[in-house]
Amino acid sequence: MKSARAKTPRKPIVKKGSQTNLKDPVGVYCRVRPLGFPDQECCIEVINNTTVQLHTPEGYRLNRNGDYKETQYSFKQVFGTHTTQKELFDVVANPLVDDLIHGKNGLLFTYGVTGSGKTHTMTGSPREGGLLPRCLDMIFNSIGSFQAKRYVFKSNDRNSMDIQCEVDALLERQKREAMPNPKTPSSKRQVDPEFADMITVQEFCKAEEVDEDSVYGVFVSYIEIYNNYIYDLLEEVPFDPIKPKWNSCSTPMRNTDFVPPQSKLLREDKNHNMYVAGCTEVEVKSTEEAFEVFWRGQKKRRIANTHLNRESSRSHSVFNIKLVQAPLDADGDNVLQEKEQITISQLSLVDLAGSERTNRTRAEGNRLREAGNINQSLMTLRTCMDVLRENQMYGTNKMVPYRDSKLTHLFKNYFDGEGKVRMIVCVNPKAEDYEENLQVMRFAEVTQEVEVARPVDKAICGLTPGRRYRNQPRGPIGNEPLVTDVVLQSFPPLPSCEILDINDEQTLPRLIEALEKRHHLRQMMIDEFNKQSNAFKALLQEFDNAVLSKENHMQGKLNEKEKMISGQKLEIERLEKKNKTLEYKIEILEKTTTIYEEDKRNLQQELETQNQKLQRQFSDKRRLEARLQGMVTETTMKWEKECERRVAAKQLEMQNKLWVKDEKLKQLKAIVTEPKTEKPERPSRERDREKVTQRSVSPSPVPFLFQPDQNAPPIRLRHRRSRSAGDRWVDHKPASNMQTETVMQPHVPHAITVSVANEKALAKCEKYMLTHQELASDGEIETKLIKGDIYKTRGGGQSVQFTDIETLKQESPNGSRKRRSSTVAPAQPDGAESEWTDVETRCSVAVEMKAGSQLGPGYQHHAQPKRKKP
């Protein structure tokens, strides 16, 4: 579907013939065509006068996996297969013609698939005229004696009418009649026998309450919409539409006698009504003359033979009947020469081309293009109905795509409130048209929900009514002679009464005889008059009695109606009081609801405020907890380090005290056991270096004590094994260390050996070991293995907390212990010497390296200095 062109919206224009407060739905009627063969399968069943039901055909169910579905659709009225054209006209078209005579517009169109009987419904057949000839017959039956002379009304190119006096109209009539081939049909011409049976309507139909103080004129026009182009079917051109002289390229052939038809344009008049510019409008004075004009255009309409229809309409046809009326002047003799007083109403009878599927019609070439344009215009009509219904049901303001098709663009004024709209849905109940009929029913269902503004009545001109017959002679019969003149003319003529001769004896007897005859005739007339007068008096008496009885009957009915009306008024008053009470209660409930809603909004706002406040408090609490947790962790680590430092200091202090006591005991032992005559020899350091001693484990923080028994071996404390035997170690061996040739060498599994501690090695391991060498008091090299745990700092670096020290010492077997003091200890009697040493039992050393530092790890030694021997 083509998209609607963008257009700047304008202000809505209040049209003359529309009301915004009163709306009527589009009247949709359904007519079911009889089947072509009695044994043919039917898919549509008439349930009642407003409902039809669609049955799924057998073949269709087989193709759709046996799915059986019945659907019912409702209409304003359903006409079955036995409905006559008269019954259809009385229900559908009669109200539209009555509105036309009273100055209101109307639109009637037939819709359905191809071959469903649309053209038959609109045009009819011999001896059974359709809606169009019956509409014309009703119009001329209603205004026959009130028609204006030809050319009093004259159409122009601006979709309006001009009015001229009877003298100018007479001159124009004489001018037209003097032409050799007058274009205007004459009402005196004999009716064409080809359509004479169609316009012969047996039933007399006439509108009620026709304005007798106006004159009327009827103008007809006939157009078709073919391939979305508008063509005038009444245009006088040599044109053969049934067998058009087009070549395969869809262009006119070279023919001097053939002139291709010119398409017409749609324009908008000053009242914003759409009309076809340059369209031929013919003034007609009778049903025969109007139908002759229609038949002349019908022959030019494009039809073709398809697989489904022998005479398939290939275009949408629109037959417009325009009724022009103008009031008489104050004297009632001539037409009022004021253009503003002219009232123009229009009835459009539309025969839509049937929607079709090309796979069924087997169309190709021009027929295929025609089918595509027909389906496109009908699809645009459906889209317009959908948008109108959506705008009215949901209060939206979507643009209705009238301009997408010439058909919808031409009749947009009717859907905007310029008259009544009626649609007759024609369906063929045969099973082959099931899917097409299903789409037609859905479109009809949507159309019934569209409402059109109701047109208002025409304005009154303000002149005195009854002025047409006011100046005419009074009498029982309008222009016929009076009764007295007829009676006098029926008497025998009197002979001549002149007597020229005294002896004339014939004149008087003839006169007497004539007078006697007249007297006798008068007497007979008097007797006849008396008889008739008596009979008339009897009839009058009977009429008076009948009128009196009817009056009494009507008075009784009137009294009953008045009682009923009074009862209904009381009921209405009661309902009004009840309605007021309910409205008052509703108002109170609405106020209460408003108060509750306001309280609800306030409580919701307060609840949201409290929730936000609690959320903020919860967030503050979580931040405070995290902060306190950090502070607690930091304080705990700080106090743990402080406690460890104090414990280490205390242990060192106790060890020193124990060492002092041990030294005193050793000195005392040396004093007791030392011979007084000999002095001890200082063992040679070089000799001690040659001795190979075993590697000792880390000493206990408490020195060994001598036992009273000299032969008992010294008691050694058991060494605690590391709990982190499976962790990775950093084995820090400075480059300045010397290689010892001892049997026992420190070996740590899963270790990374470095000469300088670095960040990369510390980040990969959990344990740290520093190999430290120093010169002992006896001149031997003492190796200390300082162990610690590696922790990550809050600054992103690593810190080492030392936890243990292991000492490896090499001694000579016969060497003597070197004292710290200048006194030389005597040798032991048995040649053995104790293995005492002043090794520090605890050393607190911390190594910390900051992240990003390029100076390498820094070392800080935190230990208490050795105390001197007393």
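As the structure is a computational prediction, the values presented were derived from the model and not from experiment. (Residues numbered from 1 in each chain as written. Predicted model: local features only at pLDDT ≥ 70, side-chain atom pairs only at ≥ 80, totals over all residues. Heavy atoms only, no water.)

1. Here we look at the overall build of the protein chain
So the rule is basically this: Each helix is a run of DSSP H or I of at least 4 residues and each strand a run of E of at least 2, with the numbering of both proceeding from the N terminus. Only protein chains enter the calculation, and the probe is 1.4 Å; a residue is then buried if its accessible area is under 20% of its type maximum, exposed if over 50%, and partly exposed in between. Accessible areas in this description were obtained via Shrake-Rupley with a 1.4 Å probe; residue shielding takes into account the shown protein chains only.
When helices and strands are counted, the protein chain shows 15 helices and 29 strands. Taking all 870 residues of the protein chain together, 38% fall into the buried category. Entry remark: accessible area of the protein chain is about 54900 Å², with carbon and sulfur atoms responsible for 52%.

2. What to know about the pattern of salt bridges
Oppositely charged side chains can form a pair if their charged atoms are brought close together. Rule in force here: By definition here, a salt bridge exists when the distance from a side-chain nitrogen of Lys or Arg to a carboxyl oxygen of Asp or Glu is within 4 Å.
For the structure on display, the rule yields 27 salt bridges. Between Arg 176 and Glu 172 there is a salt bridge; the shortest N-O distance is 3.3 Å. With Arg 176 and Glu 172 both in helix α5 (residues 166-177) and 4 residues apart, the pair spans about one turn of that helix. Close ionic contact of Glu 653 with Lys 657 constitutes a salt bridge, the shortest N to O distance being 3.9 Å.

3. Side note on the sheet that holds strand β4 (residues 51-55)
Put simply, the rule reads: Here, strands pair whenever DSSP counts at least two bridges between them. Only C-alpha atoms enter the line fits that serve as axes; for helices the fit covers just the stretch in contact. Angles between N-to-C directions range over 0 to 180 degrees. Any pair of residues with heavy atoms lying within 4.5 Å of one another is described as a contacting pair.
The strand order across the open sheet formed by 3 strands is β3-β4-β5, and the pairing between neighbours is antiparallel. At either end of the open sheet lies a strand with only one pairing partner, and these are β3 (44-48) and β5 (70-74). Mean inter-strand twist for the sheet, computed between neighbouring axes without regard to direction, equals 25°. Across 5 bridges, the pairing between β4 and β5 is antiparallel. Bridge pairing links Gln 53 to Gln 72 in β5. Contacts from helix α11 (residues 434-447) reach β3, β4 and β5 within the one sheet, and its direction differs from that of β4 by about 145°.

4. As for the packing of aromatic side chains
As a reminder, the rule being used: Two aromatic rings, drawn from Phe, Tyr or Trp (for Trp, its six-membered ring), form a pair once their centres lie within 6.5 Å of each other, and the interplanar angle then sorts them: stacked below 30 degrees, edge-to-face above 60, tilted otherwise.
Throughout the structure, instances matching the rule amount to 9 aromatic pairs. Judged by centre distance (5.3 Å) and plane angle (50°), the ring pair of Phe 291 and Phe 294 falls under tilted. Taken together, the residues Phe 291 and Phe 294, both in helix α6 (residues 287-298) and 3 residues apart, mark about one turn of the helix. Between Phe 294 and Phe 319, the ring centres sit 5.3 Å apart and the planes meet at 80°, which makes this aromatic pair edge-to-face. Placement of the pair is Phe 294 in helix α6 and Phe 319 in strand β19 (residues 316-327), with a sequence separation of 25 residues. Side by side, Phe 294 and Phe 319 carry an identical accessibility label, which is buried. Site record: aromatic cluster; members linked through ring pairs are Tyr 222, Phe 291, Phe 294, Trp 295 and Phe 319.

5. Let's talk about helix α4 (residues 131-143)
Stated formally: In this analysis, the expected span of each helix is defined as 1.5 Å times one less than the number of residues it contains.
Counted at 1.5 Å a residue, the expected span for α4 with its 13 residues is 18 Å, and the 19 Å between its end C-alpha atoms agrees. α4 sits mainly inside the fold: 12 of its 13 residues count as buried. Among the residues of α4, Leu 131, Leu 132, Pro 133, Arg 134, Cys 135, Leu 136, Asp 137, Met 138, Ile 139, Phe 140, Ser 142 and Ile 143 are the ones counted as buried.

6. Here's the deal with the nonpolar core
Side chains of a nonpolar character, in soluble globular proteins, are inclined to be buried together. Condition: The term nonpolar core refers to a set of buried residues drawn from Ala, Val, Leu, Ile, Met, Phe, Trp, Tyr and Cys, joined through side-chain atoms within 4.5 Å.
Ranked by internal contacts, the top residues of the largest apolar core, which has 53 residues, are Phe 75, Phe 411 and Met 441. For Met 441, the residues in contact, after removing those within four places along its chain, are Cys 30, Ile 44, Val 52, Leu 54, Tyr 73, Phe 75 and Val 427. Formed by 45 residues, the second largest nonpolar core is a distinct cluster that contains Val 92, Phe 146, Tyr 216 and Cys 426.

7. Things to note about α5
What counts here: The arc in question is traced by the directions running from the helix axis to the C-beta atoms.
With 12 residues, α5 extends 16 Å from end C-alpha to end C-alpha; this agrees with the ideal 16 Å at 1.5 Å per step. What α5 keeps buried is the set Ala 169, Glu 172 and Arg 173. Along α5, the residues classed as buried sweep out an arc of 105° about the axis, all on the same side. Projecting away from the buried face of α5 at angles above 90 degrees are the exposed residues Val 167, Leu 171 and Lys 175. In this fold, the buried residues of α5 make contact with β10 (153-155).

8. Points about a nonpolar patch on the surface
Rules: Residues form patches when they are more than 30% accessible in relative terms and have no salt bridge. Like charges link within 9 Å. Nonpolar side chains (Val, Leu, Ile, Met, Phe, Trp, Tyr) link within 5 Å.
On the surface, a cluster of nonpolar side chains totalling about 440 Å² of accessible area is made up of Leu 665, Leu 668, Ile 671 and Val 672. Since its relative accessible area comes to 53%, Leu 665 is described here as exposed.

9. Some details on the pairing of strand β27 (residues 798-809)
For β27, the tally of buried residues reaches 11 of 12 residues, placing the bulk of the element in the interior. As paired elements, strand β26 (residues 781-792) and β27 share 11 bridges and run antiparallel to each other. From the neighbouring strand, Lys 792 faces β27, where its bridge partner is Gln 798.

10. A look at the environment of Gly 278
In this structure, Gly 278 sits in the loop between β15 (274-276) and β16 (282-284). Beyond its immediate stretch of four places on either side in the chain, Gly 278 contacts Asp 232 and Lys 264.

11. Structural notes on the side chain of Thr 447
The following threshold applies: Whenever a nitrogen or oxygen atom comes within 3.5 Å of another N or O atom, the pair is scored as a polar contact, on the condition that within protein one atom can donate a hydrogen and the other can accept it, and that pairs from neighbouring residues in sequence are kept only if both atoms are in side chains.
Assignment of secondary structure puts Thr 447 in helix α11. For Thr 447, a relative accessible area of 0% gives the class buried. A distance of 2.8 Å separates a polar side-chain atom of Thr 447 from the backbone oxygen of Phe 443. Among residues more than four places away in sequence, those in contact with Thr 447 are Val 26, Val 28, Met 385 and Met 423.

12. A short note on the pairing of strand β13 (residues 229-232)
Bridge analysis of strand β12 (residues 214-226) against β13 gives 4 bridges, and the strand direction is antiparallel. When the sheet's bridge partners are listed, Ile 223 is paired in β13 with Asp 232. Connecting β12 to the antiparallel partner β13 that follows it, the hairpin turn spans 2 residues, and Asn 227 within it adopts a positive phi of roughly 55°.

13. A short note on the confidence of the model for the protein chain
What counts here: One confidence number per residue, pLDDT, is output by the predictor and ranges from 0 to 100.
Mean pLDDT over the protein chain works out to 77, with 71% of the residues at or above the 70 mark. Across residues 239-258 the pLDDT falls below 50, and counting only partners more than four positions away or on other chains, this stretch makes 28 contacts in the model. Here residues 474-482 is modelled with pLDDT under 50, and outside its nearest four sequence neighbours on either side it reaches 3 contacts, counting other chains as well.

14. Describing the state of the cysteines
Among covalent bonds in proteins, the disulfide is the one between the sulfur atoms of two cysteines. Definition in use: Disulfides are defined as cysteine sulfur pairs within 2.5 Å.
Under the definition given, this model contains 0 disulfides. Sulfur of Cys 135: no disulfide; nearest cysteine sulfur belongs to Cys 205 and is 9.2 Å away.

15. Re the packing of α4 against α6
To keep things clear, this is the line we draw: Helix crossings fall into two classes, left-handed where the near helix is turned counterclockwise from the far one by less than a right angle and right-handed where it is turned clockwise. In this count, Pro and Cys sit with the nonpolar residues alongside Ala, Val, Leu, Ile, Met, Phe, Trp and Tyr, while Asp, Glu, Lys and Arg are called charged and the others, Gly among them, polar.
Where α4 meets α6, the closest approach of the two axes is 9 Å, and the angle between their N-to-C directions is 150°. The two elements α4 and α6 meet at a crossing, and its hand is right-handed. Touching Leu 132, Pro 133, Leu 136, Asp 137 and Phe 140 of α4 are Thr 287, Ala 290, Phe 291 and Phe 294, all from α6. In the contact of α4 with α6, the residues fall into 7 nonpolar, 1 polar and 1 charged.

16. Remarks on the environment of Ala 353
Structurally, Ala 353 can be placed in the loop between β20 (343-351) and α7 (358-361). Residue classification places Ala 353 among the buried residues on the basis of a relative accessible area of 1%. Taking the C-alpha atoms as reference, Ala 353 lies 8.0 Å from Val 113; in sequence the two are 240 residues apart. Ignoring any residue separated from it by four or fewer positions in sequence, one finds Ala 353 in contact with Gly 112, Lys 118, Ser 313, Ser 315, His 316, Ile 374 and Leu 378.

17. Let's talk about the side chain of Ser 348
Here Ser 348 shows up in strand β20. Classification of Ser 348 by relative accessible area gives buried; the value is 0%. Among the polar contacts made by the side chain of Ser 348, one reaches the side chain of Gln 346 at a distance of 3.3 Å. Of note is the side chain of Ser 348, whose polar atom sits 3.2 Å from the side chain of Tyr 414. Setting aside anything within four residues of it in sequence, one finds Ser 348 in contact with Gly 106, Leu 107, Leu 108, Val 318, Phe 319, Asn 320, Phe 411 and Tyr 414.

18. What to know about the packing of helix α2 (residues 85-101) against α4
Rules: What sets the label is the angle itself: under 35 degrees gives roughly parallel, over 145 gives roughly antiparallel, 65 to 115 gives roughly perpendicular, and the rest give oblique.
Between α2 and α4, the least distance of the axes is 9 Å, while the angle of their chain directions is 45°. The angle between α2 and α4 falls in the class oblique. Two packed elements cross with a definite hand, and for α2 against α4 that hand is right-handed. In this structure, α2 uses Gln 85, Lys 86, Leu 88, Phe 89, Ala 93, Asn 94, Val 97, Asp 98, Leu 100 and Ile 101 to contact α4, whose residues at the interface are Leu 131, Arg 134, Cys 135, Met 138, Ile 139 and Ser 142. For the contact of α2 with α4, the residue count by class is 10 nonpolar, 3 polar and 3 charged.

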